[in-house]
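Here's the letter readout for the chains.
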Amino acid sequence: MKNEFRSIRWSYLFNPSEKEIREWKRIIKEVTESCRITYFPKEDGSGEYPYVITPSESRWPYKYMQAVKQGLRYMLAEELREADAVLLIEAKGYPLTCVVDGLPLDIIFARKRDYKIQDQIKIHQRKAYKTNGNNELFIVCSDYRDNGLRGDEKLLILETIISSGETVCSTIKELRNSTDCEILGVGAIYERGDGIEHIKEEVNVDAKGFARLEVIEENGIVKPHIPYFWDERERYLKELKKK
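The present account deals with the structure reproduced in this document. Please read these numbers as outputs of a predicted model, since none were measured by experiment.

### Describing the overall build of the chain
And then number 1: Across its full length, the chain holds eight helices and 11 strands.
And then number 2: By residue count, 45% of the 243 residues in the chain fall in the buried class.
And then number 3: For the chain, the proportion of contacts with a sequence separation of at least 24, taken over those separated by at least 6, is 63%.
And then number 4: Summed over its atoms, the accessible surface of the chain is roughly 13,100 Å², and 45% of this surface lies on carbon and sulfur atoms.

Here it is in structure tokens:
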């Protein structure tokens with residue numbers, strides 16, 4: 001299957017026009033900056049965490065889905081070429097099945113359900129804010145029926161948002177402890193906080209967020225804001241250091 005995969009012509013997927021890229025960015029920025037914000041207590045008790053209710057938790061517009069699908073394919077072109085499967089983390093990561101729609105890649109799911117079986121990997125989630133629910137994730141591994149994660153696959157992890165990066169780091173560590181899988185990278189629609197850098201430092205895996213998500217106050221209103229995108233990141237950060 002991989003040979004067949006690599007023989008497909010990717011001119012549209014991986015070499016979009018500047019006009020197409022600008023349109024994807026415009027749509028993602030427009031939809032994201034209209035999202036609502038709520039507040040949760042921070043995990044360390046230092047105050048409240050402004051939580052952006054992204055489309056994966058409210059409404060997933062068709063135009064947004066198409067922009068995310070093509071934008072992440074463009075950003076993660078090399079990783080998608082090499083991957084055997086993508087790993088999606090419950091529940092916000094599940095809409096990202098659209099990224100691999102039509103591609104010959106399997107999807108592995110990490111779920112908040114303990115299946116009470118021997119062949120599963122248990123992962124502890126850590127968040128920047130307090131949660132009242134289950135903070136454990138489980139990945140079913142393959143047995144002779146071949147209906148779970150195989151032990152030697154090349155994986156690309158997809159997330160809706162990378163904030164602290166703790167959940168991703170915990171996932172990668174457990175996969176390395178329990179399998180011989182190779183983690184090709186981590187991709188997300190949004191990066192927030194220092195999660196991108198934390199993943200690189202903690203587990204030595206490259207992570208990318210298509211859009212930078214921040215929360216700002218403007219005219220007394222707290223709202224989401226996208227200051228830059230993935231391919232503008234280095235230039236933006238360099239200019240920020242000069243100020």
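Back to the write-up after that little detour.
### Examining the sheet that holds strand 7 (residues 154-162)
And then number 1: As summarised here, the arrangement of the seven strands in space is 5-6-4-3-7-8-9, forming an open sheet in which the pairing is mixed. Each of the sheet's edge strands pairs with one partner strand only, and the pair in question is strand 5 (120-124) and strand 9 (207-212). Averaged over all neighbouring strand pairs, the angle between strand axes comes to 25°, with direction disregarded.
And then number 2: Pairing geometry for strand 3 (residues 85-89) and strand 7, over four bridges, is parallel. Its bridge partner lying in strand 7, alanine 85 is registered against leucine 155.
And then number 3: Across the sheet, helix 6 (residues 166-178) touches strand 3, strand 5, strand 6 (136-140), strand 7 and strand 8 (182-191), and the angle it forms with strand 5 is around 150°.

### What about the packing of helix 6 against helix 7 (residues 195-203)?
And then number 1: Viewed as axis vectors pointing N to C, helix 6 and helix 7 meet at an angle of 25°, and their least axial separation amounts to 9 Å. Regarding the angle of helix 6 to helix 7, the classification is roughly parallel. When you trace helix 6 past helix 7, the crossing you get is right-handed. Taking contact as the criterion, the partners of Glu166, Val168, Cys169, Ile172, Lys173 and Arg176 in helix 6 are, on helix 7, His198, Ile199, Glu202 and Val203.

### Focus: the pattern of salt bridges
And then number 1: In the structure shown here, the tally under the stated rule is 19 salt bridges.
And then number 2: Where glutamate 153 meets arginine 150, a salt bridge forms, and the shortest distance between an N and an O atom there is 4.0 Å.
And then number 3: Relative accessible area serves as the criterion here: at 35%, arginine 150 is assigned to the partly exposed category.
And then number 4: Here the salt bridges share partners, and the residues they tie into one network are Glu191, Glu197, Arg212, Glu214 and Arg233.

### Some details on the packing of aromatic side chains
And then number 1: Applying the stated criterion across every chain yields a total of seven aromatic pairs.
And then number 2: The interplanar angle of 35° and the centroid separation of 4.4 Å between the aromatic rings of tyrosine 228 and tyrosine 236 together place this pair among those described as tilted.
And then number 3: When its relative accessible area of 3% is taken as the criterion, tyrosine 228 is described as buried.
And then number 4: Since its relative accessible area comes to 27%, tyrosine 236 is described here as partly exposed.
And then number 5: Among the aromatic residues, those joined into a cluster by ring pairs are Trp24, Tyr74 and Trp230.

### Focus: the side chain of glutamate 90
And then number 1: Within the fold, glutamate 90 resides in the loop between strand 3 and strand 4 (106-111).
And then number 2: Among the polar contacts made by the side chain of glutamate 90, one reaches the main-chain amide nitrogen of lysine 112 at a distance of 2.5 Å.
And then number 3: Those residues in contact with glutamate 90 that sit more than four places away from it in its chain are Ala110, Arg111, Lys112, Gln125 and Leu137.

### Some details on the pairing of strand 6
And then number 1: The buried fraction of strand 6 is high, at four of five residues.
And then number 2: Where strand 4 and strand 6 come together, two bridges link them in antiparallel fashion. When the bridges of strand 6 are listed, alanine 110 appears paired with isoleucine 139.
And then number 3: Of the pairings in the sheet, the one linking strand 5 to strand 6 comprises five bridges and is antiparallel in character. Within the sheet, the bridge partner assigned to lysine 122 lies in strand 6 and is phenylalanine 138.

### Notes on the nonpolar core
And then number 1: Judged by nonpolar contacts, the single largest core of 33 residues is most densely connected at Ile28, Leu72, Leu96, Leu158 and Tyr190.
And then number 2: Listing elements by their share of this core, those giving two or more residues are helix 3 (18-32), helix 4 (62-75), strand 3, strand 7, strand 8 and strand 9.
And then number 3: Sequence-distant contacts of leucine 158, that is, excluding residues within four places in its chain, are made with Leu76, Val86, Leu87, Leu88, Ile89, Leu96, Val99 and Gly187.
And then number 4: The next biggest cluster of nonpolar side chains, apart from the first, holds 27 residues, and it includes Leu149, Val168, Cys181 and Ile196.

Thresholds, definitions, all that
- Residues numbered from 1 in each chain as written.
- Predicted model: local features only at pLDDT ≥ 70, side-chain atom pairs only at ≥ 80, totals over all residues.
- Heavy atoms only, no water.
- Helix = DSSP H or I, 4+ residues; strand = E, 2+ residues; numbered from the N terminus.
- Buried < 20%, exposed > 50% of the residue type's maximum accessible area, 1.4 Å probe, protein only.
- Contact = heavy atoms within 4.5 Å.
- Areas by Shrake-Rupley, 256 points an atom, 1.4 Å probe, with all protein chains shown as cover.
- Pairing = 2+ DSSP bridges.
- Axes fitted to C-alpha atoms, helices over the stretch in contact; angles between N-to-C directions.
- Parallel < 35°, antiparallel > 145°, perpendicular 65-115°, else oblique.
- Left-handed = near helix turned anticlockwise from the far one by under 90°.
- Salt bridge = Lys/Arg side-chain N within 4 Å of Asp/Glu carboxyl O.
- Phe/Tyr/Trp six-rings, centres within 6.5 Å; stacked < 30°, edge-to-face > 60°.
- Polar contact = N/O pair within 3.5 Å; in protein donor to acceptor, adjacent residues only side chain to side chain.
- Core = buried A, V, L, I, M, F, W, Y, C linked by side-chain atoms within 4.5 Å.

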